Amino acid sequence: MSADAQHTLAGPATLEGTSLHTGSKVTITLKPAPENHGFKFRRVDIPDQPFIDADVDKVQTVERATTLAEGSVKVHTVEHVLSALCGLGVDNAIIEMDANEPPIGDGSSKPFVELIKKAGIVAQNASRKTWEIREPIHHECGDGSLLTIVPSKTFRVSVTNVGPDGRFAQYFSSEITPEIYEKEIAPARTFVYYEDVKPLLEKGLIKGGSLENAVVVRGDQVMSKEAVRFDNEFARHKALDLIGDLMLSGKRILGHVICVKPGHGPNTQLAAIIKREYSRMRSLAAPFSIPSGEAVLNINDIIKILPHRYPFLMIDRIIDFEGDNKCTGVKNVTVNEPFFPGHFPDHPIMPGVLQLEAMAQVSSIVMLRKPENTGKIGYFMSADKVKWRRPVLPGDTLYIEAEMTRSRGAIGTARCRCLVNGEIASEAELKFALVDK
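Since the structure is predicted, the reported quantities are computational estimates derived from the model, not experimental observations. (Residues numbered from 1 in each chain as written. Predicted model: local features only at pLDDT ≥ 70, side-chain atom pairs only at ≥ 80, totals over all residues. Heavy atoms only, no water.)

S.K.: What's the story with the packing of aromatic side chains in this structure? I'm lost.
M.R.: Each aromatic ring pair is described using two quantities: the centre-to-centre distance and the angle formed by the ring planes. For the structure shown, the criterion picks out four aromatic pairs. Relative to F234, the ring of F168 lies with its centre 5.5 Å away and its plane at 50 degrees, an arrangement referred to as tilted. With F168 in the loop between β14 (155–161) and β15 (170–175) and F234 in helix α5 (residues 233–246), this pair connects stretches of sequence that are 66 residues apart. You can call F168 partly exposed: its relative accessible area is 21%. Ring centres of F191 and F234 lie 4.2 Å apart, and the angle between their planes is 15 degrees; on these two criteria the pair is classed as stacked. (Phe/Tyr/Trp six-rings, centres within 6.5 Å; stacked < 30°, edge-to-face > 60°. Helix = DSSP H or I, 4+ residues; strand = E, 2+ residues; numbered from the N terminus. Buried < 20%, exposed > 50% of the residue type's maximum accessible area, 1.4 Å probe, protein only.)

S.K.: I tried to follow the UniProt feature "binding site: Zn(2+)" (unreviewed entry) in the protein on my own but got confused; where do I start?
M.R.: Those places that UniProt annotates as "binding site: Zn(2+)" (unreviewed entry) correspond, in this numbering, to H80, H237 and D241. Despite a sequence span of 162 residues, these residues sit close together in the fold, their greatest C-alpha distance being 9.6 Å. If sequence neighbours within four positions are ignored, H80 has contacts with I104, G107, S108, S109, F112, T190, H237, L240 and D241. H237 has contacts with H80, G107, A188, R189, T190 and F191, leaving out every residue within four places of it along the chain. (UniProt positions renumbered as here; feature names shortened; annotations may be inferred. Contact = heavy atoms within 4.5 Å.)

S.K.: I'm lost on the sheet that holds strand β20 (residues 317–322) in this one. Help?
M.R.: Picture the strands of a sheet paired through backbone hydrogen bonds; they go either parallel or antiparallel. If you walk across this open sheet you meet the six strands as β20-β21-β23-β24-β25-β22, and the pairing is antiparallel. One side of each edge strand has no neighbouring strand; the edge strands of this open sheet are β20 and β22 (376–388). With direction set aside, neighbouring strand axes in the sheet form an average angle of 25 degrees. As paired strands, strand β24 (residues 411–420) and strand β25 (residues 423–436) are joined by ten bridges and run antiparallel to one another. Bridge assignment links C418 to a residue of β25, and that residue is S426. Sitting on the sheet, helix α8 (residues 352–368) is in contact with β20, β21 (326–332), β22, β23 (397–408), β24 and β25, with an inclination near 50 degrees to β25. (Pairing = 2+ DSSP bridges. Axes fitted to C-alpha atoms, helices over the stretch in contact; angles between N-to-C directions.)

S.K.: I'm lost on the sheet that holds strand β7 (residues 67–70) in this one. Help?
M.R.: Here we have three strands laid out as an open sheet, ordered β6-β7-β8, and antiparallel in their pairing. Each edge of the open sheet carries a strand with a single partner, namely β6 (59–61) and β8 (73–75). With strand direction ignored, the average angle separating the axes of adjacent strands in the sheet is 40 degrees. Where β7 lies against β8, three bridges are found, and the strand directions are antiparallel. Bridge pairing in β8 places A69 opposite K74.

S.K.: Looking at this structure, how should I read the packing of helix α1 (residues 79–87) against helix α2 (residues 110–119)?
M.R.: Put simply, α1 and α2 touch, their axes get as near as 9 Å, and they point 45 degrees apart. Classed by the angle they form, the pair α1 and α2 counts as oblique. Considering only the axes of α1 and α2, their crossing is right-handed. Counting all contacts with α1, which are made through H80, V81, A84 and L85, the residues of α2 involved are F112, V113 and I116. Residue composition of the contact of α1 with α2, grouped by class: six nonpolar, one polar and no charged. (Parallel < 35°, antiparallel > 145°, perpendicular 65-115°, else oblique. Left-handed = near helix turned anticlockwise from the far one by under 90°. Nonpolar A, V, L, I, M, F, W, Y, C, P; charged D, E, K, R; others polar.)

S.K.: Whenever I open this one, the pattern of salt bridges confuses me. Can you help?
M.R.: A pair can form between side chains of opposite charge whenever their charged atoms are brought close. Scanning all chains against the criterion turns up 22 salt bridges. R42 is the partner of E96 in a salt bridge, and the nearest nitrogen-oxygen pair spans 3.8 Å. Here E96, found in strand β9 (residues 93–97), pairs with R42, found in strand β4 (residues 39–43); they are 54 residues apart in sequence, far enough to count as distant. The network of salt bridges with shared partners includes K31, R42 and E96. (Salt bridge = Lys/Arg side-chain N within 4 Å of Asp/Glu carboxyl O.)

S.K.: Can you help me understand unusual backbone geometry in this one?
M.R.: Most peptide bonds take the trans form, and the phi angle of most residues other than glycine is negative. In this model, Y310 is joined to P311 through a cis peptide bond whose omega is 5 degrees. Inspection of the secondary structure puts P311 in the loop between α7 (299–305) and β20. Residue H343 is joined to F344 through a cis peptide bond whose omega torsion reads 0 degrees. In this structure, F344 sits in the loop between β21 and α8. Here Q49, not a glycine, exhibits a phi torsion of approximately 45 degrees, which is positive. Of note in the backbone geometry, F168 takes a positive phi value of approximately 55 degrees without being a glycine.

S.K.: Quick question: what am I supposed to make of the environment of N125 here?
M.R.: Tracing the sequence through the fold places N125 in strand β10 (residues 121–127). What makes N125 exposed here is its relative accessible area of 77%. Sequence spacing of N125 and Q6 is 119 residues, and the spatial spacing of their C-alpha atoms is 7.1 Å.

S.K.: Help me out: how do you make sense of the UniProt feature "active site" (unreviewed entry) in the protein in this one?
M.R.: When the UniProt feature table is mapped onto this chain numbering, "active site" (unreviewed entry) sits at H264 and H343. Considering the C-alpha atoms alone, the annotated residues occupy 80 residues of sequence and remain spread out, their largest mutual distance being 47.2 Å. Structurally, H264 can be placed in helix α6 (residues 264–285). Note on H264: relative accessible area 10%, which makes it buried.

S.K.: Quick question: what am I supposed to make of the nonpolar core here?
M.R.: The tendency in soluble globular proteins is for nonpolar side chains to be buried as a group. Membership of the largest hydrophobic core comes to 60 residues, with the highest contact counts inside it found for L30, F39, F41, L85, I95, Y181 and V257. Residues within four places of F41 in sequence aside, it is in contact with P50, F51, I52, A54, L68, V75, V78, V81, L82, I95 and M97. Formed by 38 residues, the second largest nonpolar core is a distinct cluster that contains F321, C327, L354 and A425. (Core = buried A, V, L, I, M, F, W, Y, C linked by side-chain atoms within 4.5 Å.)

Below, the structure is given as structure tokens:
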């Protein structure tokens, strides 16, 4: 989990315009929201001014745009404004509209970027929780769409657009930062193939469409009010839509999203998978949770408390304390660990006894950080209910959790476990004694 602060808008900002699919006049106002609020749409033209969460569970239709619904109340074409908010690093906002669809502007998310910058962005006190993808996630659709997320230390998208008959095959790839988003993605406009225009009109869609807010492709020709803004503008706009649709998962991710022929259907299906996998990871970690927050104790703090040194210090940092009895440490397991050459040469696995040692060290920190125990050392007395459930491999990040269940004098008992990617790797109940050095 990332320790970056959450952000919201510094104040309200309003934009007026015409919606793409309904052709209605609409006013949209972006407003600040409290920490952990996320994004919510609000229909101020309806009695009681109902809210609709920007949540993949609310997705109703995905034809040419993403539609959310709460009962009979709907909001259409939500992807551009969500993409702009996410791309610029906003976490919490209220999106008020006096119609069921935001203004289309020029067909890009640039108008919303300008609206957000007009409102201003401010940091909040709560930490932003970002899920780092550790195992690949793959989704494939019958229409040939392929979407994969692979581990990455940044949020990155790589998009391949393929039109009918292979026309306008384009590729775009970039890390997503506010600066890159504003310059390289936000200006990319929506597009439609000429042969699709009549069927869309017959379905009551794109009533507000024109060459001023969309690029129309006829054969191998591009029709628009202005020249293409990028030689791969279609792929960039697909990336724009992807960013907005994935935000419906409710989770910012660190990962490389690789897509071939993405669309609102596949995008929102992937968002649902992200939400489901995150929930699964959290349930595996219950009753503990993988914490967020900056390092509470760095390595220099740890060596002031524990007597262990290389190669037997099994904690890189302590990232969370809950009261006086719970503690979470982190061990980044690298291929350079001294035990891997012998355990085993062709199949490196972290020894289970060293996972036990890591649990014991985190447990010791819970007690040794108390002033009355300064200068003491923890000795193992017993290890009960020990279980190893999955191997710990080079490249894994080991979360070591310890909860003191009993403490009487110098004797302590702790319930502990090690987790990798939200899955339990090992667990045990440990008893140890604190003695003077």
